[in-house]
Amino acid sequence: MVEENRKSGTEGVEVRGLHRDELPEAVAVLARGMRDNPLHVAAYGEDPHRRWLSHGRLVAGLFSLSPDLEFLCAARGGAILAVTAIAPPGTCRMSPGRRLRMLPHLSRLGPAAALRVLSWAAAWGARDPDEPHVHLGPLAVDADLQGRGIGSLLMREHCARLDQDGTTGYLETDKGVNVRFYERFGYEVTEEAPVLGVPNWFMARRPGAR
Ligand SMILES: CC(C)(COP(=O)(O)OP(=O)(O)OC[C@H]1O[C@@H](n2cnc3c(N)ncnc32)[C@H](O)[C@@H]1OP(=O)(O)O)[C@@H](O)C(=O)NCCC(=O)NCCS
């Protein structure tokens, strides 16, 4: 039954790259899909609208300053249902110049949230593996479409590409339920640590895993 529902949730869904002019729609999907993640509550505060707005602004700023980022989306009939950003090996760490150019985007969050986001970025950055890796994230399925197999479609394509290229995959997540999701695709927890007081898991995937 669950499998049947999942299948109907993915009928007609194609996984493909994102066109640059689709970025605003993709940002909106990410902001809605991740609005209630525990790390976002810790970073942006209790107001859901503010979380949605803040994360959308942050991600839009980040994307505009990250020309190396690649994107995969799940789409149906021209509508984007899910999206993920993917940083190829050697591109996920921010240069000092790029960090500086992020400051105007951060300042729009307000000083307290901006400081929390900086602390979050530092905690993730400190754990970024030295070995070459493809860094996944952010990833989200639109809020009312989660649990229907769409995220799995994206991950299947992502992992097939990792295997084809023989590259290690890496990601961070702030939900235990996501750990189980990523484990299905061969990711393993390499570390668990609190970030802004929220449990976070750091996960890596060797080529060919699962
Ligand atoms: C995590 C996410 C990408 C998974 O995509 P999805 O399409 O919902 O997942 P699928 O339907 O393909 O697979 C279902 C599995 O995903 C996991 N899952 C994580 N969040 C879920 C959610 N909100 N609803 C349903 N399943 C969820 C569960 O392990 C579930 O397996 P189960 O049904 O056996 O418990 C999606 O739920 C999402 O966008 N969540 C909110 C944002 C987020 O946490 N992004 C990842 C940040 S690292």
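Here's what I pulled together on the structure shown here. (Residues numbered from 1 in each chain as written. Predicted model: local features only at pLDDT ≥ 70, side-chain atom pairs only at ≥ 80, totals over all residues. Heavy atoms only, no water.)

**A word on the overall build of the chain**
- When its secondary structure is counted, the chain shows eight helices and seven strands.
- The C-alpha radius of gyration of the chain comes to 16 Å, within 12% of the 17 Å expected for a compact globule of 210 residues.
- Seen along its three principal axes, the alpha-carbon backbone of the chain occupies a region of about 45 × 35 × 30 Å.
- The burial tally for the chain puts 49% of its 210 residues in the buried class.
- Taking the contacts inside the chain whose residues are at least 6 apart along the sequence as the reference set, 73% of them involve residues at least 24 apart.
- Distance between charge centres in the chain, computed from 26 positive and 26 negative side chains, equals 4 Å. (Helix = DSSP H or I, 4+ residues; strand = E, 2+ residues; numbered from the N terminus. Rg over C-alpha atoms; globule rule 2.2 N^0.38 Å. Buried < 20%, exposed > 50% of the residue type's maximum accessible area, 1.4 Å probe, protein only. Contact = heavy atoms within 4.5 Å. Lys, Arg positive; Asp, Glu negative; His and termini not counted. Charge placed at Lys NZ, Arg CZ, Asp CG, Glu CD.)

**What about unusual backbone geometry?**
- Cis geometry marks the peptide bond from glycine 137 to proline 138, where omega comes out at 0 degrees.
- Relative to the helices and strands, proline 138 is located in strand β4 (residues 134-141).

**What to know about the environment of glycine 151**
- With respect to the element layout, glycine 151 can be found in helix α7 (residues 150-165).
- Through-space distance from the C-alpha of glycine 151 to that of alanine 74 is 8.2 Å; in sequence the pair is 77 residues apart.
- Those residues in contact with glycine 151 that lie beyond four places of it in its chain are Val141 and Phe181.

**A word on the nonpolar core**
- Among the nonpolar cores identified, the biggest contains 24 residues, and Leu136, Leu139, Ile150, Met155, Tyr182, Tyr187 and Met203 are the most heavily contacted of them.
- Looking at this core, the elements with two or more residues in it are β2 (70-76), β3 (79-87), β4, α7, α8 (176-183) and β7 (198-205).
- Per element, the largest residue contribution to this core is five residues, and it comes from α7.
- Apart from residues lying up to four places away in sequence, isoleucine 150 is in contact with Gly9, Thr10, Ala74, Leu81, Ala82, Val141 and Leu145.
- Within the second largest apolar cluster, 19 residues are counted, among which are Ala113, Ala123, Val198 and Phe202. (Core = buried A, V, L, I, M, F, W, Y, C linked by side-chain atoms within 4.5 Å.)

**With respect to the packing of helix α4 (residues 48-64) against helix α5 (residues 96-107)**
- In contact at an axis separation of 9 Å, α4 and α5 are set at 160 degrees when each is read in the N-to-C sense. The angle between α4 and α5 falls in the class roughly antiparallel. Note that α4 runs across α5; the crossing there is right-handed. On the side of α4, the interface is formed by Leu58, Gly61, Leu62 and Ser64, while α5 contributes Met102, His105 and Leu106.
- Here the contact of α4 with α5 is built from residues that sort into four nonpolar, three polar and no charged. (Axes fitted to C-alpha atoms, helices over the stretch in contact; angles between N-to-C directions. Parallel < 35°, antiparallel > 145°, perpendicular 65-115°, else oblique. Left-handed = near helix turned anticlockwise from the far one by under 90°. Nonpolar A, V, L, I, M, F, W, Y, C, P; charged D, E, K, R; others polar.)

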